[in-house]
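Now for the letters of each chain:
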Protein chains: 2
Amino acid sequence: MIKPIIGNIDFIESLRGKKATFMLALSNTKTANIAGITQAGIPKMMHLTPTLDSEFLCSGEVRSLENIAQTPKGVPTPALITRAVHLLAPYSRIEILDLGLEVKPKIDYFKIHNFNIKPSQSIAKKAEINAQELFEKGVAFGQEYEPQDEYIILGESVPSGTTTAMATAIGLKYKVAECFSSSFKDVPNNIREQTLKLALSHLGEKDDIFTVLSKVSDNMLIFNAGFILGLNNKIKIILAGGTQMASVLLIVDRVLKLMGGTMETSNLALCTTKWVAEDEHSDLKKILEELRFPIHAYYSDFDFSLSQHPALKLYDQGEAKEGVGAGGSLVYGELNGLCKQAINNKVEEFLK
Amino acid sequence: MIKPIIGNIDFIESLRGKKATFMLALSNTKTANIAGITQAGIPKMMHLTPTLDSEFLCSGEVRSLENIAQTPKGVPTPALITRAVHLLAPYSRIEILDLGLEVKPKIDYFKIHNFNIKPSQSIAKKAEINAQELFEKGVAFGQEYEPQDEYIILGESVPSGTTTAMATAIGLKYKVAECFSSSFKDVPNNIREQTLKLALSHLGEKDDIFTVLSKVSDNMLIFNAGFILGLNNKIKIILAGGTQMASVLLIVDRVLKLMGGTMETSNLALCTTKWVAEDEHSDLKKILEELRFPIHAYYSDFDFSLSQHPALKLYDQGEAKEGVGAGGSLVYGELNGLCKQAINNKVEEFLK
């Protein structure tokens, strides 16, 4: 079932039966190399996670490493969910946005948009992003993009992306520090807080927006904020993610405020998982309520209650919550006739 | 299973796997306010039925009243069937035709075509329809309509619509009085016959077609006859209904005769339910045989034999038969891979 977080159900119901383009935005930030800051990947191989996620989503195979990304506790990547939906109710097309990858995915025939973007530095070391140029690349991409389907679902894979999203929100002076999730159940507050504190200490009182973003943000957040503005409401787009996608919207909001501008957002929504929407350690709704423009937000109530698989049960226990557009994909699956049992079974097949 | 009523199976088989636009034509006639004339709705709230049906079909929610339309005996609206199919094998899009509603549906994001049409008066009081103008609006809509899918399924929700359909057929001098169904099992012949008699008594010997329609018809019938002529065979269209949709075709037939014209009907068909096609109190096939043009007609053999739910069993007992495009939707579901059990289960979910 699809449930509203903000707004009524009509936006998403109007997309029932319609096909979407799935875009996967990938980037690396060296923030992920800080020991213990994220569990989205394999220790020492964290930087490979977006590469492997995109390979698995597109081809069903993991090519740049022997095994599909697993966290130390054995939580399988949410790419399994996105891939399962794609097998059962396929997207019209999948397109990859390379927003600064250490290792290019080994995929043929799929559209990989390349913007000559480099992985960003750790936010503990001022990130070193050319934020304005990156933002402008996003705007240009949105302006030039010619929609091929009725709507776009935009997912992401950025290891340690929730940390950079949180730094971004605080750096832009939104009062939402308590609202951010982590992909850890036992939120590793010490490492994260130390990193955040250090990152934010680099900000000066008079830093403008783009200077702030250049120091504490990540490529995915900045580019996609530009992308959304560049699209200018010409096609319906679903941001498929939790607090990271909410931070993309905070950047949009902050830029609009800077320009004294407004944006038509009737074609914009956010979709996430039940694990994010009902998470007690974060508050997505409250972040979205900071926005000065109206937004629709939904979640799928899919969970692994039908599964006996211990690795999948970890999702229901809060060990992993979102990523690779899993929430948006679950919503897409439901809009195209899939039931919980079918998705559950398909995900389980991958683990056999 | 899809079974032919008239013609071979090829028309409908050629649509297997193809996506459709579902159009729901809604109107009110004050004929429905005559006590006991219809059970399609809640007493005193009969006029809300099309509004509630469209809200439920599009959003899964009933917004203009607390509960979904139920008849006094507790027969749930056939909108449940149409919605169930839409959840399992979604239409590409749903569009609403407002052909004169008392209360506008509370739906965002869905296309609602507005033609500035007012609800019609009771046929006991000469209906007061500007039939020629209404017909011309239908023709113009058909001419201007740009198909977005491979075919259209056109359903309706018009309380007491079978009575106005019968008055229309008789008023246009088709010898089909015995062929009309009612949504009642125990057809309330007295109230209906009195109403029909009164309505038909207003017709003069020399009344032309549009004068007849203005006195004894309803907006849905007249507009859609124009719509079909305006489409002029440019896209396949399935009239999803029983005797009401047959009366739309009688109007088309009568207008063609008036003009001495012919119409290519190779893209035109009618689909209904088993409850209509096998109804002993009516004879859809015989009505269709009055037409001077060839037509395909089919029905789905779906019934609630797999259900134990007493409210749904009422369909199998003849208490309700068709509406909100239920028959056409069942055919669409079968053309897109749905089985009886899946549809049955989904409808039952709504009643939990």
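Residues numbered from 1 in each chain as written. Chains lettered and ligands numbered in written order. Predicted model: local features only at pLDDT ≥ 70, side-chain atom pairs only at ≥ 80, totals over all residues.

Asker: Any details on the overall build of chain A? Residues and values, ideally.
Answerer: Tallying secondary structure elements over chain A gives 14 helices and eight strands in all. For 352 residues, the compact-globule formula gives about 20 Å, and the C-alpha radius of gyration of chain A, at 18 Å, lands near that figure. With the C-alpha coordinates aligned to their principal axes, the bounding extent of chain A is approximately 55 × 40 × 40 Å. Per-residue burial over chain A gives 56% buried out of 352 residues. Restricting the contact set of chain A to residue pairs at least 6 apart, pairs at least 24 apart contribute 82%. (Helix = DSSP H or I, 4+ residues; strand = E, 2+ residues; numbered from the N terminus. Rg over C-alpha atoms; globule rule 2.2 N^0.38 Å. Buried ≥ 20, exposed ≤ 12 C-beta atoms within 10 Å, placed from the backbone. Contact = placed C-beta atoms within 7 Å.)

Asker: Give me the lowdown on the sheet that holds strand S4 (residues 111–114) of chain B, citing residues and values where you can.
Answerer: Residue and element names in this part refer to chain B. Strand order in the open sheet formed by eight strands is S1-S8-S7-S6-S5-S2-S3-S4, and the pairing between neighbours is mixed. The outermost strands of the open sheet, each flanked by one partner alone, are strand S1 (2–6) and S4. This sheet shows a mean twist of 25° between the axes of neighbouring strands, independent of strand direction. Packed onto the sheet, helix H13 (residues 326–335) meets S1, strand S2 (20–26), strand S5 (151–157), strand S6 (236–240), strand S7 (268–273) and strand S8 (296–300) and runs at close to 100° relative to S7. (Pairing = 2+ DSSP bridges. Axes fitted to C-alpha atoms, helices over the stretch in contact; angles between N-to-C directions.)

Asker: Tell me about the interface of chain A and chain B, residues and numbers included.
Answerer: Listed per partner, the contact involves twelve residues of chain A and 16 residues of chain B. Per-element accounting of the side of chain A that touches chain B gives the leading share, three residues, to helix H1 (residues 10–13) of chain A. When its residues are assigned to classes, the side of chain A that touches chain B shows three nonpolar, five polar and four charged. (Nonpolar A, V, L, I, M, F, W, Y, C, P; charged D, E, K, R; others polar.)

Asker: Kindly report on the packing of helix H3 (residues 79–88) of chain A against helix H14 (residues 340–350) of chain A, identifying the contributing residues and their values.
Answerer: Residue and element names in this part refer to chain A. Interhelical geometry of H3 versus H14 gives an angle of 115° and a closest axis separation of 9 Å. Read as a crossing pair, H3 and H14 show a hand that is right-handed. Here Leu80, Ile81, Ala84, Val85, Leu87 and Leu88 of H3 lie close against H14, whose contacting residues are Ala342, Ile343, Lys346, Val347 and Phe350. (Left-handed = near helix turned anticlockwise from the far one by under 90°.)

Asker: Pulling in residues and values, what's your account of the packing of helix H5 (residues 161–171) of chain A against helix H7 (residues 209–216) of chain A?
Answerer: All names here are of chain A. One way to put it is that H5 packs onto H7 with a least axis distance of 9 Å and a crossing angle of 155°. On the basis of their axis angle, the class for H5 and H7 is roughly antiparallel. Seen from above, H5 lies across H7 with right-handed handedness. Along its contact with H5, which presents Ala167, Thr168 and Gly171, the element H7 presents Val212, Leu213 and Val216. Looking at the contact of H5 with H7 residue by residue, the class counts come to four nonpolar, two polar and no charged. (Parallel < 35°, antiparallel > 145°, perpendicular 65-115°, else oblique.)

Asker: Now, about the relation of the copies chain A and chain B: what can you tell me, with residues and values included?
Answerer: Superposition of chain A onto chain B requires a rotation of 119° combined with a translation of 1.2 Å along the rotation axis, giving an RMSD of 0.1 Å. One copy is carried onto the other by what is essentially a three-fold rotation axis. (Least-squares fit on C-alpha atoms with pLDDT ≥ 70 in both.)

Asker: Tell me about the sheet that holds strand S4 (residues 111–114) of chain A, residues and numbers included.
Answerer: Sheet strands line up and pair through hydrogen bonds in the backbone, either parallel or antiparallel. All names here are of chain A. The strand order across the open sheet built from eight strands is S1-S8-S7-S6-S5-S2-S3-S4, with neighbouring strands paired in mixed fashion. The open sheet has two edge strands, strand S1 (2–6) and S4, and neither has a second partner. Each adjacent strand pair in this sheet contributes to an overall mean axis angle of 25°, direction not counted. Where strand S2 (residues 20–26) lies against strand S3 (residues 93–98), six bridges are found, and the strand directions are parallel. Opposite Thr21, over in S3, you have Arg93 as the bridge partner. Lying on the sheet, helix H9 (residues 243–259) is in contact with strand S5 (151–157), strand S6 (236–240) and strand S7 (268–273); it crosses S6 at an angle near 130°.

Asker: Outline the nonpolar core, listing residues and values.
Answerer: Soluble globular proteins tend to pack their nonpolar side chains together in the buried interior. Core analysis: the biggest nonpolar cluster contains 107 residues, and B:Leu24, B:Ile222 and B:Ala225 have the highest contact counts within it. Apart from the residues lying within four places of it in its own chain, the contact partners of B:Ala225 are B:Phe135, B:Gly138, B:Val248, B:Ile251, B:Val252 and B:Val255. By size, the runner-up hydrophobic cluster in this structure holds 104 residues, among which are A:Leu52, A:Ala84, A:Val252 and A:Val331. (Core = buried A, V, L, I, M, F, W, Y, C linked by C-beta atoms within 7 Å.)

Asker: Would you mind going over helix H5 (residues 161–171) of chain B in detail, with residue names and values included?
Answerer: All names here are of chain B. The buried fraction of H5 amounts to eleven of the eleven residues, a majority that puts the element mostly inside the structure. Gly161, Thr162, Thr163, Thr164, Ala165, Met166, Ala167, Thr168, Ala169, Ile170 and Gly171 are the residues of H5 that are buried. Lys173 lies just past H5 and shows a positive phi near 70°.

Asker: Explain the pairing of S2(B) to me, using residue names and the numbers behind them.
Answerer: Taking burial as the measure, the seven residues of S2(B) include seven buried ones, the bulk of the element. Here S2(B) shows two buried faces, one formed by B:Ala20, B:Phe22, B:Leu24 and B:Leu26 and the other by B:Thr21, B:Met23 and B:Ala25.

Asker: Which residues make up unusual backbone geometry, and what values do they have?
Answerer: All names here are of chain B. Phi angles above zero are rare outside glycine, and Asn116 is one such case at about 55°. You can see Asn116 is positioned in the loop between S4 and helix H4 (131–144). A residue is classified by how many C-beta atoms lie within 10 Å of it, and Asn116, with 7 of them, is exposed.

Asker: So what's going on with the confidence of the model for chain A? Which residues, and what values?
Answerer: This prediction gives chain A a mean pLDDT of 94; 95% of its residues lie at or above 70. Of the two predicted TM-score estimates for the complex, the pTM is 0.89 and the ipTM is 0.83. (pLDDT = per-residue confidence, 0-100.)

Asker: Break down the environment of B:Met166 for me, with residues and values.
Answerer: Residues and elements named next belong to chain B. Assignment of secondary structure puts Met166 in helix H5. Its 29 C-beta neighbours within 10 Å are what place Met166 among the buried residues. C-alpha separation for the pair Met166 and Leu284, spaced 118 residues apart in sequence, amounts to 12 Å. Discounting chain neighbours no more than four positions away, the residues touching Met166 are Phe180 and Leu196.

Asker: Describe the pairing of strand S8 (residues 296–300) of chain A, listing the residues and the values that go with them.
Answerer: Residue and element names in this part refer to chain A. Of all the five residues making up S8, five are buried; the element is thus mostly covered by neighbouring parts of the structure. Residues His296, Tyr298 and Ser300 of S8 are buried on one face, and the alternating residues Ala297 and Tyr299, pointing to the opposite face, are buried as well. Note that S1 and S8 share four bridges and pair antiparallel. When the sheet's bridge partners are listed, Ile6 is paired in S8 with Ala297.

Asker: Give a detailed account of the environment of B:Tyr91, specifying residues and quantitative values.
Answerer: Topologically, B:Tyr91 is positioned in the loop between helix H3 (79–88) and strand S3 (93–98). Note on B:Tyr91: 24 C-beta atoms within 10 Å, which makes it buried. Sequence-distant contacts of B:Tyr91, that is, excluding residues within four places in its chain, are made with A:Gly17, B:Ala20, B:Thr21, B:Phe22 and B:His86.

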